[in-house]
Amino acid sequence: MYRRLPLVVTGGLLLTLLTAGSAAAAQPGMAKPAPSTSQMLSQPATADRTATGSAAPAKSLAPAGTAPYALDFTMPTLGKSGCMVCHGDPNLIRIKGDEYVSYYVSEAVLNASAHGPSKKTPSGVLCTGCHLDFASTGKHSDADWKRTARMACRACHTLEDDAYGKGAHAVNNRPGQTDPNADKKPLCGDCHGAHDIARLDANGLAALHRNGWQVCGRCHQKEWQSYADYYHGAAYKKGAPDAPACWDCHGAHEILPSSDRRSPTNGTNLAATCGGETAGKKCHTNVNDEFLSYAGLIHRRAAMLRENWLYSFIRNAQTGISDALSNIADAVRSWFG
Amino acid sequence: MSTLILTQVNVWLDVVFFTLYPIVLVALGVHFLGNVLTGRAYRRFVKWQWPEHDHAPIKALPKFLHFQHLVCIGLLVLSGLYIRFPFFTGGRPFMRGVHYFAMTVVMVNLIWRLWFAYGSRVRDYREFVVNRRDITTMPQVLMYYVFIKPSKPHLGKYNVMQKSTYILFVPMLIVQALTGLALLEFWKLPVINMTMSDLIVGWWLGPLIGSTSLAVAYARIVHYVINWLFILLVTIHVYLSVSEDFAAFLDFFGLGFLDKRHAQGKAGPAASPGHTPIPAPNALADDVHGATGSDLL
């Protein structure tokens, strides 16, 4: 065993030298300057590496057999250096097909977010806290890169990740069968956003409460449209702070369909859901089965209205009269050329 | 009430009242057309001949009281409908505040008006009593309004329909206030440690039907129905005050005035150009349809 020691030490020294060399090159202002916006635009491989993963393999100094990392790449640091040298530039864009895609990150927005500097974490969460694979030069598709970034939350938010894993939003691979909807399943970032995740103070909670369309409605458009009864949906959509957001009834991370007995909106759990607390406030008291029948109105009222024969009659009459007037107006116009 | 009916009632109430209200507006339009065709509109709006008034000129205090009452009722309707059908963003807590403030003012008005009717030196409650002659002459009043008869009996300050409506307003206001307070499910009264919902409907209706929340749901239905009754009755009230006694209507808003020489049915020469009272043709003269002109609220 000791016969191999010189070989190991020599190898270690060589690796150390190489690493030190690349670290020295990584110091901003010392060696390779960060690429400018024009460089980013003219060098898609570099841009890919920084923002959406690496499409073209670059020079890798990593030992063979491990993931290829561009260790000479500018290291992320605080302030307007590191990642923000480029990503702090509002003009940092790439042309993807017919679209301009921005890679700009507003430092002000980031600092004001939940992951910005705070008493608990004075430096805030560094870019690499979430963008774990930022320097990887291995082949990533855009989807892979986004998945990594949007699932990075699990590293810290383990409880939420556990709950997410039990819900309908998690990829549900089964032995021998891949979830056919895996690509459509939302990741943390799809609901929570990225650099502007609000702090959970009073203002942040209020902002989150108003954000139902962004969080849920964009995907669940049918449910968003039907969320139209007076006391919940209509009031919520008009900014009532005491009206429930989607997650106040449906839960947050362990989202399940209402048909699932574990879902808070399943009939077996409605009493607890409606009679429970939302943001520290009890919604309804002493709920019973008859009272809970009102829950059917929350997403069904618009449909019930359409099914009402008098309402249908009036709407049809309105349409008929409107069409008739329109025809008459057309006829009159045609008479006068 | 079965669960099916409970949810259906909720939908039906909207459908019925949102259908009924345009029908009433159309009916009032048709009624005004009747005024035009029968020449009443010409006599009133062109010849400027309006009913004589028992209580002209209208004093400033009743005008002020009626005006602030009008504003409060308007605010109640506006804020109430907003709470049920929010039509702009972010105003719900504010509108609730407006609603409860206006309700408080209206309740003070009501208490004061009841005292004025029964406890004050004036004690005008008799003006509102529907007596036997009112009932026997009611068909003639109705026939006047549907243009079968040219005039209606003048029995007092108000006709039978006005009296009935104003009397009806009292319990409607009280029930409306109580059912409105019953919707306060979370605010606990300090001494008795009960919510308004418990105090008003919870303790008696709750056990009968299952829960306080359910009792509040019924209270909300009653509140909503009475709200629409107010909207319908006030719309008719405004229409009649304009079509039957526009002079008094203008006087109430400071845009005209009633000549005091026309008070007590003593018709004289017009005090101002175009202000000619209708001479009473017989004992069944045109009524003093001065609801807005002499009613204190």
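Conventions and cut-offs
Residues numbered from 1 in each chain as written. Chains lettered and ligands numbered in written order. Predicted model: local features only at pLDDT ≥ 70, side-chain atom pairs only at ≥ 80, totals over all residues. Heavy atoms only, no water. Helix = DSSP H or I, 4+ residues; strand = E, 2+ residues; numbered from the N terminus. Buried < 20%, exposed > 50% of the residue type's maximum accessible area, 1.4 Å probe, protein only. Contact = heavy atoms within 4.5 Å. Phe/Tyr/Trp six-rings, centres within 6.5 Å; stacked < 30°, edge-to-face > 60°. Lys NZ or Arg CZ within 6 Å of the ring centre and 35° of its normal. Buried area = accessible area lost by both parts, 1.4 Å probe. Salt bridge = Lys/Arg side-chain N within 4 Å of Asp/Glu carboxyl O. Polar contact = N/O pair within 3.5 Å; in protein donor to acceptor, adjacent residues only side chain to side chain. Nonpolar A, V, L, I, M, F, W, Y, C, P; charged D, E, K, R; others polar. Expected span 1.5 Å × (residues − 1). Axes fitted to C-alpha atoms, helices over the stretch in contact; angles between N-to-C directions. Parallel < 35°, antiparallel > 145°, perpendicular 65-115°, else oblique.

Student: Provide a residue-level description of the overall build of chain A, including the pertinent values.
Tutor: Along the backbone of chain A there are 18 helices and 4 strands. Residue burial in chain A is summarised as follows: out of 337 residues, 31% are buried. Put simply, 52% of the contacts in chain A that link residues at least 6 apart link residues at least 24 apart.

Student: Lay out the packing of aromatic side chains in plain terms, naming residues and giving numbers.
Tutor: Per the stated rule, a full pass over the model turns up 32 aromatic pairs over all chains. Both rings, one in B:Phe17 and one in B:Trp228, keep their centres 5.6 Å apart while their planes meet at 0°; by these two values the pair is stacked. With B:Phe17 in helix H1 (residues 3-37) and B:Trp228 in helix H9 (residues 212-252), the pair connects residues that are 211 residues apart, well separated along the chain. Residues B:Phe17 and B:Trp228 agree in their burial class; the two are buried. Centre to centre, the rings of B:Phe18 and B:Trp228 are 5.2 Å apart; their planes meet at 75°, and the pair counts as edge-to-face. You can see B:Phe18 sitting in helix H1 and its partner B:Trp228 sitting in helix H9, a full 210 residues away along the chain. A network of ring pairs unites the aromatic residues A:Tyr230, A:Tyr231, B:Phe17, B:Phe18, B:Tyr21, B:Phe85, B:Tyr224 and B:Trp228 as a single cluster. For the cation-ring pair, A:Lys237 lies above A:Trp224, with the distance from its terminal atom to the ring centre recorded as 5.0 Å.

Student: Describe the interface of chain A and chain B, and please don't skip the residues or the numbers.
Tutor: Every contact between the two is made by 30 residues of chain A and, on the other side, 36 residues of chain B. Carbon and sulfur atoms supply 60% of the area buried between chain A and chain B, which totals about 2700 Å² over both sides. Our count for the contact surface shared by chain A and chain B stands at 2 salt bridges. The salt bridge partner of A:Arg301 is B:Asp14, with a shortest N-O separation of 2.4 Å. Summed over the shared surface of chain A and chain B, the number is 6 residue pairs in polar contact (both at pLDDT 80 or more). Elements that contribute at least two residues to the side of chain A that touches chain B include exactly helix H13 (230-237), strand S4 (281-282), helix H16 (289-292), helix H17 (295-307) and helix H18 (309-335) of chain A. Taken together, the residues of the side of chain A that touches chain B sort by class into 16 nonpolar, 7 polar and 7 charged.

Student: Before we move on, could you go through H18(A) and cite the residues and values that matter?
Tutor: All names here are of chain A. Taking 1.5 Å of rise per residue, 27 residues should cover 39 Å, and H18 covers 38 Å from first to last C-alpha, within 8% of that figure. Its side-chain oxygen placed 3.0 Å from the backbone nitrogen of Leu310, Asn308 serves as the N-cap of H18. One or two positions beyond H18, positive phi appears at Gly337, with a value near 75°.

Student: Tell me about the packing of H17(A) against H18(A), and please be specific about residues and values.
Tutor: The description of two packed helices rests on the angle between their axes and on the distance between the axes. Residue and element names in this part refer to chain A. Put simply, H17 and H18 touch, their axes get as near as 5 Å, and they point 70° apart. Between H17 and H18, the crossing angle belongs to the class labelled roughly perpendicular. Counting all contacts with H17, which are made through Leu305, Arg306 and Glu307, the residues of H18 involved are Trp309, Tyr311 and Ser312.

Student: I'd like a description of the pattern of salt bridges, backed by residues and values.
Tutor: Under the defined criterion, the tally for this structure stands at 11 salt bridges over all chains. Between B:Arg84 and B:Asp14 there is a salt bridge, with the nearest N and O atoms lying 3.7 Å from each other. On the criterion of sequence distance, the pair formed by B:Arg84 in helix H3 (residues 60-84) and B:Asp14 in helix H1 is long-range, its members being 70 residues apart. When sorted by exposure, B:Arg84 lands in the same class as B:Asp14, which is buried. Note that B:Asp251 is salt-bridged to B:Lys63, the shortest N-O span being 3.2 Å. You can see B:Asp251 sitting in helix H9 and its partner B:Lys63 sitting in helix H3, a full 188 residues away along the chain. For the pair B:Asp251 and B:Lys63, a shared accessibility class is recorded, and that class is buried. Three or more residues joined by partner-sharing salt bridges are found here, namely A:Arg301, B:Asp14 and B:Arg84.

All we've got here are geometric facts, nothing functional implied.
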